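Summary of structural features
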Amino acid sequence: MSKMFKLSVTPHIRDNTDVQKIMYSVILALLPAAAGAVYFFGLRALWLIVLSIISCAATEALIGKMLGKPLTIFDGSAVITGILLAFNLPVGVPWWIPVVGSIFGIAVGKMTFGGLGYNPVNPAILGRIFLLISWPIQMTTWHKPNGFTGLDAETVATPLAVLKQNSRIILNRDSSTIEAFNSATSKIAELSDSYMDLFIGNVSGCIGETSVLLLLIGASFLMYKHYIGWRIPFSFVATVGIFTWIFGGYEGYFTGPWLFHIISGGLIIGAFFMATDMVTSPITFRGRIIFGIGCGIITSVIRLWGGYPEGVSFSILLMNITVPIIDRYTRPRVFGKVGK
Amino acid sequence: MAGTFIGGVHPDDSKSLSNTCEIIEMPVPSIVVLPVSQHIGAPANVVVEKGQSVKKGDIVAEAGGFVSAPVHATVSGTVAAIEPRNTASGRKLLCVIIESDGEDSWSDGLNSKQDISSLSIKEKLGLIRDAGIVGLGGAAFPTHVKLSPPEDKPIDIVILNGVECEPYSTCDDRMMIERPGGIVEGLKILMEILDCKKGYIGIENNKPAAIKSMQDAVKGVDGITVEKLKVKYPQGGEKQLIYAITKRKVPAGGLPMDVGCVVQNVGTSAAVFEAVSLKRPLLERIVTVTGNGVAKPVNVLARIGESVENLINVAGGYSENAAKLIMGGPMMGPSQFTDEIPVVKGSSCVLVMNEDETDTGEQLPCISCARCVDVCPMRLMPSTLATLVEYEHWDDVKDYGVFDCIECGSCSYICPVKRKLVEYIKFGKASLTAISAKEKAKESSKEEKPEK
């Protein structure tokens, strides 16, 4: 009688990358921006990040337990949602904002659908938008980056908001005074001085979105590991650049400040870390490009003509919902298929 | 210039266990078990009886049609039994079992030098057919059929597959290093039969010694070049190999001859040369016995019908924790429940894995990471296919291209949530085949009974 062996279907070997490895790599990639958040906005930023992470993980663990599922928080996805949600908050928000936003994002955006893999929309985005429309004052009150000195009493507008308000004045020159018009033009001119600040992150805004440099460092790491691809971020950013170049200037078509638009607001964090969320983005090649372009168009439309100065979150949420349709109609052509 | 194809993965090639081991010729076996079906196509029909005396090279089962191949006695001796036995396919197949008389004597007329130049193409094809040669890369398609494409499919390129992309397998590597002459001579015969001027030998970059050996062997030979290929699994898949060397795409559902190509394994080429030049049937082949589950990995020259158990013994026996036996490589080789199975014409590798190598992880829900879509060499959407099979949406399963899947395993390999994608796809193919067979049966029974 010979030895009996174990049976299984091919393949019998696996790559050693698992969900945890991918998620923890994303967390690692977000650390530079987290460090930047604390550097520019002080310890309060760290407090918001920690609160957010704890709330996300606790919500997922509790609901998971109620549903009788095994503990999933150690796969790292709840931590990422927590970090990204916190990154989307202004530093001055009260402590309960990240808590409520996390609970909503995880409970409604993820657990109601069955947990990781089943959610149709990005939970961090859902939480952020919920907070934005429920508590608009708190969510649109920004401070100057003061580092560890603490928050100023006065609040400021983000560079994007400055551009939007003053562009409106210039475009409606007939109904503005000469002084208002001149002040608007000079305020916009000032923005050009701030490109270096915008790139490094020394501007007002949400705590994790301001530093393009630190975010890109993290994103290059993820691209090197092939955990995020180039299609979504590239098509998203390029579309915003082209659209705002064509339509975003107040001196006519093709005069828009496209570089300013690319490095301001939440575009870099949105394009590289939130639109690329695996579960909620398309799996086909052409689908990812269409997704990126769609996000770019909606972002640009909101920024230029919508009510809000920033449109990244809304664009990602709206495009998330279209992903199943996109996947169905962008199936890759089977190798060697002739015709359809 | 290293060509390549779209998709693919990079598993650890694990070839260092056996790629420096010279081929060991195994002693003549005392018993051989010869399944009547070792090839694609109709099984062979037994033509001997129990108790009959046979010589080495005698036909014990004749080809069951055009797309079929004869089975020969690989030792001289007596037919001990004709009965079903366990085989590597997982099923019991009818086998001719021969007990050796120790003489190892050739059948009359075989093993005699032929004057190749005086043989016509038809005669050469006849020798190949009578020698029972099938694809030694593993698929075991009858070679004489491959070399007889229809008139409307002219061939202009012959490619020899020396890629050996499966991890652990080194039999082709060692053959190219130690016996390059037969491979090149065989390729010349193939090119002559198919009337084509261009021959390529595709070898992956991780076999520098084999590349050098083959380059030396083709020096001065017109029309034959060695093509170095980027190391990526499954470069050895024939559609991927044709694309990497010629940039031609075999149409979905089609064959290499549709783009003017014929692909043969290097071992098949050498066997063709032996059949045509020495009138030797296919009686033995090189097998790699490897893995962390055997004491001393080896490459052996084994008779067809030799027991896998004996091969393991030549490799020093099992290690203490040996737990999985695979006939083939780790990506596509079927796992076995017993080692009491015979080596057949398509057996290229015997892989034994240890207990700690057998856990492939818990299956979790798909996270749509799209890594499977990125790596699929046939540009399918494996996770979608698996979900459609799970929900039994059979029309969609077919529409999404399940029959174009070459079951290479790249998708399951790369999946971070360890979904059993290949398993779902195999099940999908089997279910669709069963459904259409049922429908055909219903149709034909309807035709027999006219409506009243």
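The structure presented is a predicted model; accordingly, all values stated were derived computationally and were not measured.

**Examining the overall build of chain A**
Each helix and strand in chain A was counted, giving 15 helices and zero strands. Expected size for 340 residues packed as a compact globule is a radius of gyration near 20 Å; at 22 Å, chain A falls within 12% of this value. Buried positions account for 49% of the 340 residues belonging to chain A.

**With respect to the interface of chain A and chain B**
Chain A puts 33 residues into the contact, and the matching count from chain B is 55 residues. Classifying every residue of the side of chain A that touches chain B gives 17 nonpolar, eight polar and eight charged.

**Quick notes on the packing of helix α1 (residues 121-130) of chain B against helix α4 (residues 180-194) of chain B**
Residue and element names in this part refer to chain B. Look at α1 against α4: their axes get within 10 Å of each other, and the N-to-C directions meet at 125°. Viewed along their axes, α1 and α4 adopt a mutual orientation that is oblique. When you trace α1 past α4, the crossing you get is left-handed. Contact with α1, carried on its side by I121, K124 and L125, involves I189, E192 and I193 of α4 and no other residues of that element.

**Re the domain arrangement of chain A**
Residues and elements named next belong to chain A. By the assigned domains, chain A splits into domain 1 (19-139) and domain 2 (159-328). When each unit is reduced to the centre of its C-alpha atoms, the spacing between domain 1 and domain 2 is 22 Å. With 32 residues of domain 1 in contact, the opposing surface of domain 2 contributes 30 residues. A per-element tally of the side of domain 1 that touches domain 2 places helix α1 (residues 19-41) first, with twelve residues. Within the side of domain 1 that touches domain 2, the residues separate by chemical class into 25 nonpolar, six polar and one charged.

**Structural notes on the sheet that holds strand β9 (residues 157-161) of chain B**
Residues and elements named next belong to chain B. As summarised here, the arrangement of the four strands in space is β11-β10-β9-β12, forming an open sheet in which the pairing is parallel. Looking at the sheet topology across the chains shown, the edges are occupied by β11 (224-229) and β12 (261-265). The average angle at which neighbouring strand axes cross in this sheet is 25°, direction not considered. Direction of pairing for β9 relative to β12: parallel, over a ladder of five bridges.

**What about the domain arrangement of chain B?**
Residue and element names in this part refer to chain B. By domain assignment, chain B separates into domain 1 (15-278), domain 2 (284-357) and domain 3 (371-441). The distance between the C-alpha centroids of domain 1 and domain 2 comes to 20 Å. At the interface, 36 residues of domain 1 touch 38 residues of domain 2. When contributions to the side of domain 1 that touches domain 2 are tallied by element, the ones reaching two or more residues are β1 (23-25), β2 (31-35) and α3 (171-178).

**Observations concerning unusual backbone geometry**
Going from A:T10 to A:P11, the amide bond is cis rather than trans, its omega being -10°. One can find A:P11 in the segment before α1. Although it is not a glycine, B:K418 sits at a positive phi angle of roughly 55°. Looking at the secondary structure, you find B:K418 in the loop between α12 (410-414) and α13 (421-448).

**Overview of the confidence of the model for chain B**
The predicted structure's coordinates, where accompanied by low pLDDT, should not be read in detail. Summing up the model confidence of chain B, the mean pLDDT is 94 and the portion of residues at 70 or higher is 98%. Scored by ipTM, the complex comes to 0.90, with pTM at 0.91.

**A word on the sheet that holds strand β15 (residues 322-327) of chain B**
Residue and element names in this part refer to chain B. The strand order β1-β14-β13-β17-β15-β16 describes an open sheet built from six strands, whose pairing is mixed. Only two strands of the sheet have a single partner each, and these edge strands are β1 and β16 (335-336). In the packing of α3 onto the sheet, contacts are made with β1, β13 (284-290), β14 (298-303) and β17 (349-354), and the angle to β13 comes to roughly 125°.

**What to know about the nonpolar core**
Counting residues in each nonpolar core, the largest one holds 220 residues, and the members touching the most others are A:I83, A:I207, B:I159, B:V287, B:L311 and B:L385. In terms of residue count, the dominant contributor to this core is α1(A) (eleven residues). What A:I83 contacts, discounting residues up to four positions off in sequence, is A:I27, A:L30, A:A34, A:I49 and A:I53.

**Some points on helix α11 (residues 231-247) of chain A**
Residues and elements named next belong to chain A. A rise of 1.5 Å per residue sets the reference length of α11, with its 17 residues, at 24 Å; its end C-alpha atoms lie 24 Å apart and thus fit the reference within 8%. Of the positions making up α11, those classed as buried are R231, I232, P233, S235, F236, V237, T239, V240, F243 and T244. Looking at the buried positions of α11, the neighbouring elements they touch are α12 (258-263), α13 (267-274) and α14 (285-305).

Cut-offs and rules
- Residues numbered from 1 in each chain as written.
- Chains lettered and ligands numbered in written order.
- Predicted model: local features only at pLDDT ≥ 70, side-chain atom pairs only at ≥ 80, totals over all residues.
- Helix = DSSP H or I, 4+ residues; strand = E, 2+ residues; numbered from the N terminus.
- Rg over C-alpha atoms; globule rule 2.2 N^0.38 Å.
- Buried ≥ 20, exposed ≤ 12 C-beta atoms within 10 Å, placed from the backbone.
- Contact = placed C-beta atoms within 7 Å.
- Nonpolar A, V, L, I, M, F, W, Y, C, P; charged D, E, K, R; others polar.
- Axes fitted to C-alpha atoms, helices over the stretch in contact; angles between N-to-C directions.
- Parallel < 35°, antiparallel > 145°, perpendicular 65-115°, else oblique.
- Left-handed = near helix turned anticlockwise from the far one by under 90°.
- Domains from an automatic or database assignment.
- Pairing = 2+ DSSP bridges.
- pLDDT = per-residue confidence, 0-100.
- Core = buried A, V, L, I, M, F, W, Y, C linked by C-beta atoms within 7 Å.
- Expected span 1.5 Å × (residues − 1).

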